[in-house]
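Chain and residue survey
Okay, here's what each chain looks like letter by letter:
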Amino acid sequence: MTEEDEAAFDEFLAARSTALLRTAILVCGASAHDAEDLVQHALEKVYRHWSRIRHDNPESYARRTVVNAAISASRRRRVIQEITFARPPETLVDDPDVELRDALLAELRRLPARMRAVLVLRYWEDLSEAETAALMGCSAGTVKSQAARGLARIRERVGTLEGVFG
């Protein structure tokens, strides 16, 4: 981009960024942070194509980009909400071991990500060692060792909490 283009873009930015933000807030219907993200996205696109659109109507290009991004974000949010809230999670209200389950889940969260992934795939998803290894891109031996170490850590920690549960 030439210096003249840079100066013209800076001038456009100073003059129109507030109006674009106002449009984004109204179109977005969400938080000001989401609107700022939409404007940032639009201004990035305007900057990339500035030499081509600068002599036409860059404000309408930026506004259209904000609107399109808001629509896309709305669609994504709707799909995510439908997926997330389509069925409530399965919880057992009368489960006597709720405290133990919560402690186990808390300990699982404390493990390193790779070890946690192995335990979840092997024992929650009920995958074989070979399937887990293929999914994670490692050897079956790695899966075995990560599972053994992860279970040992959880047993050790939950064992110290045994007085709480029994």
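Data block above holds the structure.
Just so we're clear, the structure is a prediction, and the values are computed from it rather than from any experiment.

Right, let's get into the environment of Trp124. Along the chain, Trp124 turns up in helix α6 (residues 113-124). Trp124 sits in the exposed class, given a relative accessible area of 53%. Look past the residues within four positions of Trp124 in its chain and what remains in contact with it is Leu105, Leu108 and Leu119.

We now examine the packing of aromatic side chains. Under the definition given, this model contains four aromatic pairs. Consider the rings of Phe9 and Trp50, whose centres lie 5.4 Å apart with planes at 80°: the pair is edge-to-face. Here Phe9, found in helix α1 (residues 3-28), pairs with Trp50, found in helix α3 (residues 50-53); they are 41 residues apart in sequence, far enough to count as distant. For the pair Phe9 and Trp50, one class covers both residues: buried. Taken together, a centroid distance of 5.4 Å and an interplanar angle of 45° make the contact between Phe12 and Trp50 tilted. Here the residue Phe12 occupies a position in helix α1, and Trp50 occupies one in helix α3, the gap between them amounting to 38 residues. Accessibility expressed as a relative area gives 3% for Trp50, which makes it buried. An aromatic cluster is defined as three or more aromatic residues linked by ring pairs; in this entry it consists of Phe9, Phe12, Tyr47 and Trp50. Directly above the aromatic system of Tyr123 lies the positively charged group of Arg122, at a separation of 5.3 Å from the ring centroid.

Examined against the element boundaries, Asp5 turns out to sit in helix α1. Judged by its relative accessible area of 10%, Asp5 falls in the buried class. Once residues within four sequence positions are removed from consideration, Asp5 is found in contact with Trp50, Ser51 and Arg54.

The subject of this paragraph is the packing of helix α5 (residues 98-110) against α6. Running from N to C, α5 and α6 cross one another at 140°; their axes reach a closest spacing of 9 Å. It follows from the interaxial angle that α5 and α6 lie oblique. Counted together, Leu105, Leu108 and Arg109 of α5 and Arg116, Leu119, Val120 and Trp124 of α6 form the full contact between these two elements. Residue composition of the contact of α5 with α6, grouped by class: five nonpolar, no polar and two charged.

Thresholds applied
- Residues numbered from 1 in each chain as written.
- Predicted model: local features only at pLDDT ≥ 70, side-chain atom pairs only at ≥ 80, totals over all residues.
- Heavy atoms only, no water.
- Helix = DSSP H or I, 4+ residues; strand = E, 2+ residues; numbered from the N terminus.
- Buried < 20%, exposed > 50% of the residue type's maximum accessible area, 1.4 Å probe, protein only.
- Contact = heavy atoms within 4.5 Å.
- Phe/Tyr/Trp six-rings, centres within 6.5 Å; stacked < 30°, edge-to-face > 60°.
- Lys NZ or Arg CZ within 6 Å of the ring centre and 35° of its normal.
- Axes fitted to C-alpha atoms, helices over the stretch in contact; angles between N-to-C directions.
- Parallel < 35°, antiparallel > 145°, perpendicular 65-115°, else oblique.
- Nonpolar A, V, L, I, M, F, W, Y, C, P; charged D, E, K, R; others polar.

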